[in-house]
Amino acid sequence: MIPRLTTHVLDLVHGKPAAGMQISLYRDEVLISATATNADGRCDAPLLAGEALTPGVYELRFAVGDYFRLQETALAEPAFLDLVPIRFGVAEGAGSYHVPLLVSPWGYSTYRGS
């Protein structure tokens, strides 16, 4: 199996995948890629795959404030959550990483999925 980094986002307020959420991937504060989720709340392709997924510290940044504004969700200004960063480590030979985000305007959770 080719190592890869993937994500998906679930909108807990509306009970659906978070389609159209902007996501940026960084390593050492350098932007590696930027994408948006599809209708299933997933990215159309892995964020990284194969030899591009090297050991180190990465950060996914999810534009949750912009997403909920587009959903016409009532938010305070400034929003409690606007940009949600998830910093995680990739270990040598650890295989694939799936980093899902379950989110509302007031909280979120994540885990290493499969």
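Coordinates for the structure precede this section.
Now for a quick tour of the structure. (Residues numbered from 1 in each chain as written. Predicted model: local features only at pLDDT ≥ 70, side-chain atom pairs only at ≥ 80, totals over all residues. Heavy atoms only, no water.)

1. Some thoughts on the pairing of strand 8 (residues 83–90)
Point 1. Burial along strand 8 is one-sided: the residues Val84, Ile86, Phe88 and Val90 are buried and none of Leu83, Pro85, Arg87 and Gly89 is.
Point 2. Taken together, the 8 bridges between strand 7 (residues 56–63) and strand 8 define a ladder with antiparallel strand orientation. Paired with alanine 63 across the strands is leucine 83, a residue of strand 8. (Buried < 20%, exposed > 50% of the residue type's maximum accessible area, 1.4 Å probe, protein only. Helix = DSSP H or I, 4+ residues; strand = E, 2+ residues; numbered from the N terminus. Pairing = 2+ DSSP bridges.)

2. Focus on the sheet that holds strand 3 (residues 16–17)
Point 1. The strand order across the open sheet formed by 4 strands is 3-2-10-11, and the pairing between neighbours is mixed. With one partner strand each, in any of the chains shown, strand 3 and strand 11 (107–110) form the two edges of the open sheet.
Point 2. Summarising the sheet, strand 10 (residues 101–104) and strand 11 pair through 4 bridges and their orientation is antiparallel. Its bridge partner lying in strand 11, serine 104 is registered against glycine 107.

3. Digging into the environment of methionine 1
Point 1. Position of methionine 1 among the secondary structure elements: in the segment before strand 1 (4–6).
Point 2. For the pair formed by methionine 1 and glycine 95, sequence separation is 94 residues and the distance between their alpha carbons is 8.2 Å.

4. Some details on the nonpolar core
Point 1. Judged by nonpolar contacts, the single largest core of 25 residues is most densely connected at Leu5, Phe62 and Val64.
Point 2. Those elements that provide at least two residues to this core are strand 4 (22–27), strand 7, helix 1 (64–70), strand 8 and strand 10.
Point 3. Take this core: its biggest share by element is 4 residues, from strand 8.
Point 4. Setting aside anything within four residues of it in sequence, one finds valine 64 in contact with Met21, Leu81, Asp82, Val84, Leu101 and Val103. (Core = buried A, V, L, I, M, F, W, Y, C linked by side-chain atoms within 4.5 Å. Contact = heavy atoms within 4.5 Å.)

5. Focus: a nonpolar patch on the surface
Point 1. A grouping of Val13, Phe80 and Trp106 is seen on the molecular surface, where their side chains present a nonpolar patch of about 370 Å² in accessible area.
Point 2. With respect to the helices, strands and loops of the structure, tryptophan 106 is situated in the loop between strand 10 and strand 11.
Point 3. Taking relative accessible area as the criterion, tryptophan 106 reaches 55% and is therefore assigned exposed. (Patch = residues over 30% accessible without salt bridge, like charges linked within 9 Å, V, L, I, M, F, W, Y side chains within 5 Å. Areas by Shrake-Rupley, 256 points an atom, 1.4 Å probe, with all protein chains shown as cover. Salt bridge = Lys/Arg side-chain N within 4 Å of Asp/Glu carboxyl O.)

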